[in-house]
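This is what each chain is made of:
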Amino acid sequence: MLEKVINAMYRGFNLSLKENCFEQDDFEKLQEIGSESFSNQRAKIIEKISSFANGDGFLDGSKMQANWFPQIKADIFISHSHKDEALAIALAGWLKDTFGLTAFIDSCVWGYANELLKQIDAVYCLNGNHSYSYEKRNYSTSHVHMMLSVALTQMIDNTECLFFLNTPNSITPNTIINQTESPWIYSEIATTHLIRRRHFSEYRLKRTVESFSEGGRPTPRIIYNIPIDHLTDIDNRVLNNWKKSWLTEVYTHHKLRQYSEDLSVHALDKLYELKE
């Protein structure tokens with residue numbers, strides 16, 4: 001059983017969204033906005049992948065781990081199933097369009113862990129008959145996955161709050177205990193249950209490969225119990241109230257002719273107020 005050590009980040013939210021939470025036209029618009037951030041984050045990660053080999057037959061593990069998320073600054077970490085990637089991107093677009101908040105979408109790195117593994121395995125893990133060495137692939141996979149896990153942990157710690165996109169794709173339905181088949185969702189939520197809690201002012205001052213499947217054999221299904229009791233439940237209604245509260249704040253600010261002054265209230269503060 002996972003034992004709680006310290007609360008995570010500043011706040012974590014268990015977000016339940018309906019499939020039609022955004023109108024179709026709005027969904028496409030928000031996806032475009034979210035995709036811009038997604039693409040920028042992904043491009044920075046891809047750029048670093050090719051620089052990880054040091055030319056001497058070794059891989060620079062420290063460099064790989066430290067540079068996985070180069071210069072990516074985000075307010076919110078979105079943890080989600082790969083099947084909900086479109087919804088996560090639209091949510092990131094909504095956060096950007098409504099509040100000016102930047103979200104980090106974890107799926108932008110899962111696929112590139114696979115890409116990095118392919119590059120490593122093509123050089124280091126092939127046998128003479130064009131098949132992969134089982135032992136060498138286990139070795140390379142364990143290192144890449146460990147580095148990805150550490151990098152994701154650092155990214156969670158660097159963001160002010162986390163949204164766990166809780167859908168039937170991420171949580172196994174019809175179970176009494178919350179369970180998931182995704183090792184990355186399990187790792188991320190478990191991380192938020194354990195890492196230190198920091199005040200939001202610290203963040204503002206500074207500013208997983210789901211699984212490999214080969215041949216025609218079935219992929220083993222592994223279930224993880226995930227602790228989400230420490231996450232605050234929110235849904236469409238809370239998001240709508242958050243938006244209304246924020247727009248009222250902005251309107252009042254402008255009505256008082258304070259255009260030359262920055263808002264003294266951060267967008268996330270309005271969400272925290274709603275869920276005290």
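Look above for the structure.
In this text, all values refer to a predicted model and were calculated from it rather than measured experimentally.

Peer 1: What exactly am I supposed to notice about the pattern of salt bridges here?
Peer 2: Any two side chains of opposite charge can pair, so long as their charged atoms come close to each other. Summed over all chains, the structure comprises four salt bridges. K270 is the salt-bridge partner of E273, the closest N and O atoms lying 3.3 Å from each other. Within this pair, E273 and its partner K270 are both found in helix α9 (residues 267-274), separated by three residues, close to a single helical turn. Given a relative accessible area of 47%, E273 falls into the partly exposed group. By relative accessible area, which is 9% here, K270 ends up buried.

Peer 1: What am I meant to see in the packing of aromatic side chains here?
Peer 2: For any pair of aromatic rings, the description consists of the separation of the ring centres together with the inter-plane angle of the planes. Following the criterion strictly, the structure yields eight aromatic pairs and no others. Residues F77 and F104 carry aromatic rings whose centres are separated by 5.4 Å and whose planes lie at 35° to one another, so their mutual orientation is tilted. Of this pair, F77 sits in strand β2 (residues 76-79) while F104 is found in strand β3 (residues 103-105), placing the two residues 27 residues apart along the sequence. This pair shows no difference in class: F77 is buried, exactly as F104 is. Ring geometry for W94 against W242: centres 5.9 Å apart, planes inclined by 70°, an arrangement best described as edge-to-face. W242 shares its class with W94; the two are buried. One aromatic cluster is present, formed by F13, W94, F99, F163, W242, W246 and Y272 through successive ring pairs. The ring of Y132 carries the charged tip of R137 above its face, separated from the ring centre by 4.9 Å.

Peer 1: What is the right way to read the nonpolar core from this model?
Peer 2: One recurring pattern in soluble globular proteins: nonpolar side chains tend to sit buried together. One finds L91, W94, L95, F163, F164 and W242 to be the most contacted residues of the largest nonpolar core, which totals 57 residues. With nine residues, helix α3 (residues 85-99) is the largest single contributor of residues to this core. Other than its neighbours up to four places away in sequence, L95 contacts I76, I78, G100, L101, A103, F163 and W242.

Peer 1: Which parts of the structure should I look at to understand the environment of K270?
Peer 2: When the C-alpha atoms of K270 and W246 are compared, they prove to be 6.5 Å apart, with 24 residues separating the residues in sequence. In this view, K270 contacts W242, S245, W246, E249 and V265; residues no more than four positions away in its chain are not counted. Side-chain polar atoms of K270 contact the side chain of E249, separated by 3.3 Å.

Peer 1: Explain the packing of helix α8 (residues 236-255) against α9 to me, please; I cannot follow it from the model alone.
Peer 2: A pair of packed helices is captured by two measures, namely the crossing angle of their axes and the spacing between those axes. Remark: α8 packs on α9, axes separated minimally by 9 Å, with the N-to-C direction vectors making an angle of 130°. When the axes of α8 and α9 are compared, the pair comes out oblique. In this structure, α8 meets α9 at a crossing whose hand is right-handed. Between α8, through V238, N241, W242, S245, W246 and E249, and α9, the contact on the second element is made entirely by A267, L268, K270, L271 and L274. Per-class residue counts for the contact of α8 with α9 are seven nonpolar, two polar and two charged.

Peer 1: Would you mind going over α9 with me for this structure?
Peer 2: An α-helical turn contains 3.6 residues, so any two residues separated by three or four positions project in the same direction. Burial of α9 is extensive: six of the eight residues sit out of reach of the surface. A267, L268, D269, K270, L271 and Y272 are the residues of α9 that are buried.

Peer 1: Looking at this model, I keep getting lost on the sheet that holds β2. Mind explaining?
Peer 2: In a beta sheet, neighbouring strands pair by backbone hydrogen bonds and run either parallel or antiparallel. With respect to topology, five strands assemble into an open sheet ordered β3-β2-β4-β1-β7, the strand pairing being parallel. Of all strands in the sheet, those with a lone pairing partner are β3 and β7 (232-235), marking the two edges. Taking each pair of neighbouring strands and ignoring which way they run, the sheet shows an average axis angle of 30°. Relative to strand β4 (residues 161-165), strand β1 (residues 11-16) is paired through five bridges, and the arrangement is parallel. Paired with L15 across the two strands is L165, which belongs to β4.

Peer 1: Which parts of the structure should I look at to understand the pairing of β1?
Peer 2: Each regular strand displays side chains that alternate between the two surfaces of the sheet. β1 sits mainly inside the fold: five of its six residues count as buried. Two strands pair when backbone bridges link them, and β1 and β7 are joined in this way by four bridges, in the parallel orientation. Looking across to β7, one finds that S16 is bridged to D235.

Peer 1: I keep staring at the packing of α3 against α8 and nothing clicks. Help me out?
Peer 2: Interaxial distance between α3 and α8 falls to 11 Å at its minimum, and their mutual angle equals 20°. The angle between the axes of α3 and α8 places the two elements in the roughly parallel class. In the crossing of α3 with α8, the sense of the turn from one axis to the other is right-handed. Taking contact as the criterion, the partners of L91, W94, L95, T98 and F99 in α3 are, on α8, L239, W242, K243 and W246.

Peer 1: Sorry if this is basic, but what is going on with the environment of F163 here?
Peer 2: Tracing the chain through its elements places F163 in strand β4. Considered as a pair, F163 and R11 are 152 residues apart in the sequence and their alpha carbons are 9.0 Å apart. The residues contacting F163, other than those within four sequence positions of it, are F13, L15, I76, F77, I78, S79, L91, L95, I234, W242 and L271.

Procedures and definitions
Residues numbered from 1 in each chain as written. Predicted model: local features only at pLDDT ≥ 70, side-chain atom pairs only at ≥ 80, totals over all residues. Heavy atoms only, no water. Salt bridge = Lys/Arg side-chain N within 4 Å of Asp/Glu carboxyl O. Helix = DSSP H or I, 4+ residues; strand = E, 2+ residues; numbered from the N terminus. Buried < 20%, exposed > 50% of the residue type's maximum accessible area, 1.4 Å probe, protein only. Phe/Tyr/Trp six-rings, centres within 6.5 Å; stacked < 30°, edge-to-face > 60°. Lys NZ or Arg CZ within 6 Å of the ring centre and 35° of its normal. Core = buried A, V, L, I, M, F, W, Y, C linked by side-chain atoms within 4.5 Å. Contact = heavy atoms within 4.5 Å. Polar contact = N/O pair within 3.5 Å; in protein donor to acceptor, adjacent residues only side chain to side chain. Axes fitted to C-alpha atoms, helices over the stretch in contact; angles between N-to-C directions. Parallel < 35°, antiparallel > 145°, perpendicular 65-115°, else oblique. Left-handed = near helix turned anticlockwise from the far one by under 90°. Nonpolar A, V, L, I, M, F, W, Y, C, P; charged D, E, K, R; others polar. Pairing = 2+ DSSP bridges.

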